[in-house]
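# Understanding the architecture of this molecule
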Amino acid sequence: MKIIHCADLHLDSKMTANLSKEQAKERKMEILRTFSRMVEYAVKHEVSVIIIAGDLFDTRNVSATVRNYVRDVIVNHPEIDFLYLKGNHDNDNFLSKLDEIPENLCLFRDEWTTYTYGKVAITGLELNKDNTLAAPNKLVLNHDAYNIVTLHGQISEYKSRDKAEVISLEEYKNKNIDYLALGHVHSFMIDKLDARGVYCYSGCLDGRGFDECGTKGFVLLDIDTENHTATSTFMPMSSRVLHTVTVDVTGITTTQEAALRMDAAIRDGKYASSSLMKFVLKGEVDVECELETDFLEEQFADYFYFSKVYDETKIKVNYQDYEKDASLKGEFVRLVSASDLTEEEKAIVIRTGILALQGEEI
């Protein structure tokens, strides 16, 4: 039996933090299309069940377009059961707006609910502040079944009495769990739960921001029901990949020199032109270094779908160079140097002042 475990799709996310209005609209549709591509994969590979472990949507008020699209994908694939557990971004708005809930859309609620497929049992619970503490003690699983348990929250090694989203791993050990299907963390992660089972975050299906860098997708479970074993495989599915690239620009004096360092950092070709790129400039540069991030973004705009440049360099000021400088710049540097500012604040003020004196845009 084949099962897909996915989570944190965050459909209908605004996508406006970095992107233009046109790009945001395009990315919203791409992420929606990624959902349907996953279902197409399921059909092609004879997947029986798709577990959605929370945060199918990103907003409380799902647009009619997205709501209808998701409903139609589910309805048009009656051979697949969609087991939907709401996460902290979800609510009943999607379900309440449907004329009727599709027969193959199976829901979890705030009490343990189990769906059985021969020797495979899939059990889930939507955590809240009222049921989190008691949930592990109320979980009863058949030792002879292959047990999948799905939850949405942040794993922890300790109990939490005030946070519904915290899942204490210790309390779910030795509960006959074979595979703990989790949502909430947006990166793929799998590890041993106990001697019998594993816990797994599938990660998000498609990256949206630069806190979701790298390849994203879902987990494919292939269960041998006779031998009570399974293989789990992470399957890439994201329409685009986000990357953060750190570039050491120590010693540069001009923006073009920074561009050459950035070009060298991506020269190996592992970053596709469809990527969204975040360049972070690091290192130590002279206080009079001319470094314009907007210009760099324009230079790399044709390389990638989207690029952003962050200047996190440290400024080096050699005060001896200005001791006998009779110019206005020298007087300004000496004045700031004698102030009560911290060394970091002095460097920032001096760099800003020098740019102003040179007529540069600040």
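Now for a quick tour of the structure. As the structure is a prediction and not an experimental result, all values here were calculated from the model. (Residues numbered from 1 in each chain as written. Predicted model: local features only at pLDDT ≥ 70, side-chain atom pairs only at ≥ 80, totals over all residues. Heavy atoms only, no water.)

### Structural notes on the overall build of the chain
Across its full length, the chain carries eight helices and 19 strands. A globule of 362 residues ought to have a C-alpha radius of gyration of about 21 Å, yet the chain, at 26 Å, is considerably larger. A principal-axis box enclosing the C-alpha atoms of the chain has dimensions of 85 × 40 × 40 Å. Counting the 362 residues in the chain, one finds 49% classified as buried. Taking all contacts inside the chain whose residues are at least 6 apart in sequence as the whole, residues at least 24 apart take part in 67%. For the chain, the computed accessible surface area is about 18100 Å², with 48% contributed by carbon and sulfur atoms. Within the chain, the 61 negative side-chain charges are centred at a point lying 3 Å from the centre of the 41 positive side-chain charges. (Helix = DSSP H or I, 4+ residues; strand = E, 2+ residues; numbered from the N terminus. Rg over C-alpha atoms; globule rule 2.2 N^0.38 Å. Buried < 20%, exposed > 50% of the residue type's maximum accessible area, 1.4 Å probe, protein only. Contact = heavy atoms within 4.5 Å. Areas by Shrake-Rupley, 256 points an atom, 1.4 Å probe, with all protein chains shown as cover. Lys, Arg positive; Asp, Glu negative; His and termini not counted. Charge placed at Lys NZ, Arg CZ, Asp CG, Glu CD.)

### What to know about the sheet that holds strand β16 (residues 276-282)
Reading across the sheet, the three strands line up as β15-β16-β18 and stay open at both edges, with parallel pairing between neighbours. With partners counted over all chains shown, the strands left at the sheet margins are β15 (242-248) and β18 (306-311), one partner each. The average angle at which neighbouring strand axes cross in this sheet is 20 degrees, direction not considered. Bridge count between β16 and β18: six bridges; the pairing is parallel. If you follow M277 over to β18, its bridge partner there is S307. Most of the contacts of helix α5 (residues 255-265) go to β15, to which it runs at about 130 degrees, and overall it touches β15, β16 and β18. Lying over the sheet, helix α6 (residues 293-300) contacts β16 and β18, oriented at roughly 155 degrees with respect to β18. (Pairing = 2+ DSSP bridges. Axes fitted to C-alpha atoms, helices over the stretch in contact; angles between N-to-C directions.)

### Digging into the layout of surface pockets
Estimated volume of the second largest pocket: approximately 220 Å³. Lining the second largest pocket are 14 residues, with K86, G87, N88, E126 and L127 sitting closest to its centre. Here the residues of the lining of the second largest pocket sort into four nonpolar, five polar and five charged. (1 Å grid on protein atoms, 1.4 Å probe; cavity = no way out; pocket = protein on both sides within 12 Å on 5 of 7 lines; lining within 4 Å. Points joined across faces, edges and corners; volume = space filled by probe spheres on them. Nonpolar A, V, L, I, M, F, W, Y, C, P; charged D, E, K, R; others polar.)

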